[in-house]
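Given next are the chains, with one letter for each unit.
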Amino acid sequence: MSQIRLIEVESYEEMSRLAAETIAAQIREKPDGVLGLATGSSPIGTYDLLADACAKGELDFSGVRTVNLDEYCGLAPDNPFGYRYFMNEHLFDRVNIDKANTFVPSGTAQDMDAEAAAYEARVDAMGGIDLQLLGIGHNGHIGFNEPAEGFAPNTHVVELAARTREANAKFFEKPEDMPRYAITMGVGTILRARRILLLGGPDKAEIMERAAHGPVHPSVPASALQLHPDVTFLLCRQPPRAK
Ligand code: GLP
């Protein structure tokens with residue numbers, strides 16, 4: 001029996017408000033806790049609200065530590081299409097976080113497998129993730145864990161699925177700039193988080209339903225979340241804001 005709480009809300013604003021409240025409560029409860037963060041259009045509104053709360057002096061990021069899910073291989077931290085850049089722009093540059101405490105896997109390490117192992121070890125050394133924020137791909141991917149033969153236990157390098165490349169190519173100047181490979185936390189890394197919150201818009205309604213209530217199978221990576229005791233899915237009935 002799935003224990004996933006699937007909550008539907010009308011608007012993107014409502015979804016963002018609920019997600020920001022959950023994250024803010026987590027930060028207040030454990031000011032030096034570890035947040036697992038995601039990119040994509042779903043969390044942008046959440047990050048806006050967290051930045052607003054910080055600007056008003058209602059939230060203090062000074063002790064917060066963060067680890068991001070994934071990064072494209074080949075994109076440097078200052079690449080505007082990369083995920084480090086996204087995180088700086090949408091959250092880190094707008095709050096009083098110490099950037100030295102924010103981690104995104106490197107897409108340009110010489111030895112990507114060594115980078116993946118080091119990233120996994122870093123998450124462990126930080127004491128694990130208190131609250132992991134997730135989006136979901138149309139094929140059920142979480143982070144960049146694509147449908148596969150098995151659930152990947154740890155951070156690793158993946159070849160992106162054709163459907164993922166199609167969906168994300170629009171964010172690049174030219175579709176052919178869309179990278180073929182990415183580095184991502186494994187499904188196992190994600191499942192070791194103490195609490196998980198997944199956000200999705202109306203185009204994800206069907207896959208969220210399958211992930212929450214269908215069979216647990218690596219052909220739908222997000223279905224592994226059924227194995228975790230504390231997962232909430234927030235589904236909004238309005239499309240997320242464009243990036
Ligand atoms: C990308 C990211 C995923 C994210 C997904 C959903 O593929 N690598 O981590 O979950 O986008 O994106 P959106 O929030 O735009 O639906």
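Structure: see above.
This one's a predicted model, so the numbers in the text were calculated from it and none came from an experiment.

## Concerning the overall build of the protein chain
Looking only at helices and strands, the protein chain has seven helices and ten strands in total. Along the first, second and third principal axes, the C-alpha set of the protein chain runs to 45 × 45 × 35 Å. Taken over 243 residues, the protein chain has a buried fraction of 56%. The positive charge centre, built from 23 side chains, and the negative charge centre, built from 34, are 2 Å apart in the protein chain.

## Notes on the sheet that holds strand S10 (residues 231-236)
In space, the seven strands of this open sheet follow the order S1-S10-S9-S6-S2-S3-S5, with parallel pairing throughout. With one partner strand each, in any of the chains shown, strand S1 (5-9) and strand S5 (102-103) form the two edges of the open sheet. Across five bridges, the pairing between S1 and S10 is parallel. Bridge assignment links Val 9 to a residue of S10, and that residue is Cys 236. Its contacts with the sheet put helix H7 (residues 205-213) on S1, strand S9 (196-200) and S10, and the angle it makes with S10 is roughly 160°.

## Details of helix H2 (residues 44-55)
Between its first and last C-alpha, H2 extends 16 Å over twelve residues, near the 16 Å set by a 1.5 Å rise per residue. Among the twelve residues of H2, nine are classified as buried, and the element is accordingly described as predominantly covered. Of the positions making up H2, those classed as buried are Ile 44, Gly 45, Thr 46, Tyr 47, Asp 48, Leu 50, Ala 51, Ala 53 and Cys 54. As for H2, its buried residues are in contact with helix H1 (12-29), strand S2 (34-37), helix H3 (83-90), strand S6 (131-134) and S9. Residue Gly 57 follows H2 closely and has a positive phi angle near 80°.

## Structural notes on the site of the ligand
Every residue near the ligand is listed here: Gly 40, Ser 41, Ser 42, Asp 70, Tyr 83, Gly 135, Ile 136, His 141, Gly 143, Phe 144, Asn 168 and Lys 204. A distance of 2.8 Å separates a nitrogen atom of the ligand from a polar side-chain atom of Asp 70. Ile 136 is positioned with one of its backbone polar atoms (N or O) 3.3 Å from an oxygen atom of the ligand. For the ligand, the protein covers 92% of the area, taking 390 Å² as the surface of the free molecule. Across the shell around the ligand, the residue classes tally to three nonpolar, seven polar and two charged.

## With respect to the packing of aromatic side chains
Throughout the structure, instances matching the rule amount to five aromatic pairs. Relative to Tyr 83, the ring of Tyr 72 lies with its centre 4.9 Å away and its plane at 45°, an arrangement referred to as tilted. Note that Tyr 72 is positioned in strand S4 (residues 70-72) and Tyr 83 in helix H3, a separation of eleven residues in sequence. By relative accessible area, which is 1% here, Tyr 72 ends up buried. For Tyr 83, a relative accessible area of 8% gives the class buried. Taking the centre distance of 6.1 Å and the plane angle of 15° together, the rings of Tyr 83 and Phe 144 count as stacked. Of the two residues, Tyr 83 is situated in helix H3 and Phe 144 in the loop between S6 and strand S7 (156-159); the sequence distance between them amounts to 61 residues. The burial state of Tyr 83 is the same as that of Phe 144; both residues are buried.

## As for the pattern of salt bridges
Here the idea is simple: oppositely charged side chains can pair when their charged atoms come close. A full pass over the atoms with the stated rule returns eleven salt bridges. Note that Arg 5 and Asp 230 form a salt bridge whose closest N and O atoms lie 2.7 Å from each other. Within this pair, whereas Arg 5 is found in strand S1, its partner Asp 230 is found in the loop between H7 and S10, the two being separated by 225 residues in sequence. Asp 230 sits in the partly exposed class, given a relative accessible area of 23%. Lys 174 is the partner of Asp 177 in a salt bridge, and the nearest nitrogen-oxygen pair spans 3.8 Å. Each of Glu 14, Arg 17 and Glu 21 takes part in salt bridges that share partners, so that together they form one network.

Conventions we followed
- Residue indices begin from 1 for each chain and proceed along its sequence in written order.
- Predicted model: local features are reported for residues with pLDDT of at least 70 only, side-chain atom pairs are reported and counted for 80 or more only, and whole-chain, interface and lining totals are derived from all residues.
- Excluding hydrogens and water, the side-chain figures rest on all heavy atoms present in the structure.
- Numbered from the N terminus, helices here are DSSP runs of H or I no shorter than four residues, and strands are runs of E no shorter than two.
- A 1.4 Å probe rolled over the protein chains alone gives each residue an accessible area, and that area as a share of the maximum for its type sets the label: buried under 20%, exposed over 50%, partly exposed in between.
- When charges are counted, Lys and Arg are positive and Asp and Glu negative, with His and the chain ends excluded.
- To locate a charge, the coordinates of NZ of Lys, CZ of Arg, CG of Asp or CD of Glu are taken.
- By this definition, two strands are paired if DSSP reports at least two bridges between them.
- Residues are treated as being in contact if the distance between any of their heavy atoms lies within 4.5 Å.
- Each axis is a line fitted through C-alpha atoms, taken for helices only over the stretch in contact, and angles between the N-to-C directions span 0 to 180 degrees.
- Here a helix's expected span is defined as the number of its residues, less one, multiplied by 1.5 Å.
- Nearness is defined per residue: one heavy atom within 4 Å of the molecule or strand is enough.
- Two N or O atoms form a polar contact when they lie within 3.5 Å of each other; inside protein one atom must be a possible hydrogen donor and the other a possible acceptor, and for residues adjacent in sequence the pair counts only when both atoms belong to side chains.
- To measure how exposed things are, a 1.4 Å probe is used in the Shrake-Rupley method; for residues, cover is taken only from the protein chains shown.
- Note that Gly is not counted as nonpolar here; it falls among the polar residues with everything else outside the nonpolar set of Ala, Val, Leu, Ile, Met, Phe, Trp, Tyr, Cys and Pro and the charged set of Asp, Glu, Lys and Arg.
- Pairing of aromatic rings covers Phe, Tyr and Trp, the last counted by its six-membered ring, and requires centre-to-centre distances within 6.5 Å; plane angles under 30 degrees mean stacked, over 60 mean edge-to-face, and any other angle means tilted.
- Salt bridges are identified by distance alone: a Lys or Arg side-chain nitrogen within 4 Å of an Asp or Glu carboxyl oxygen.

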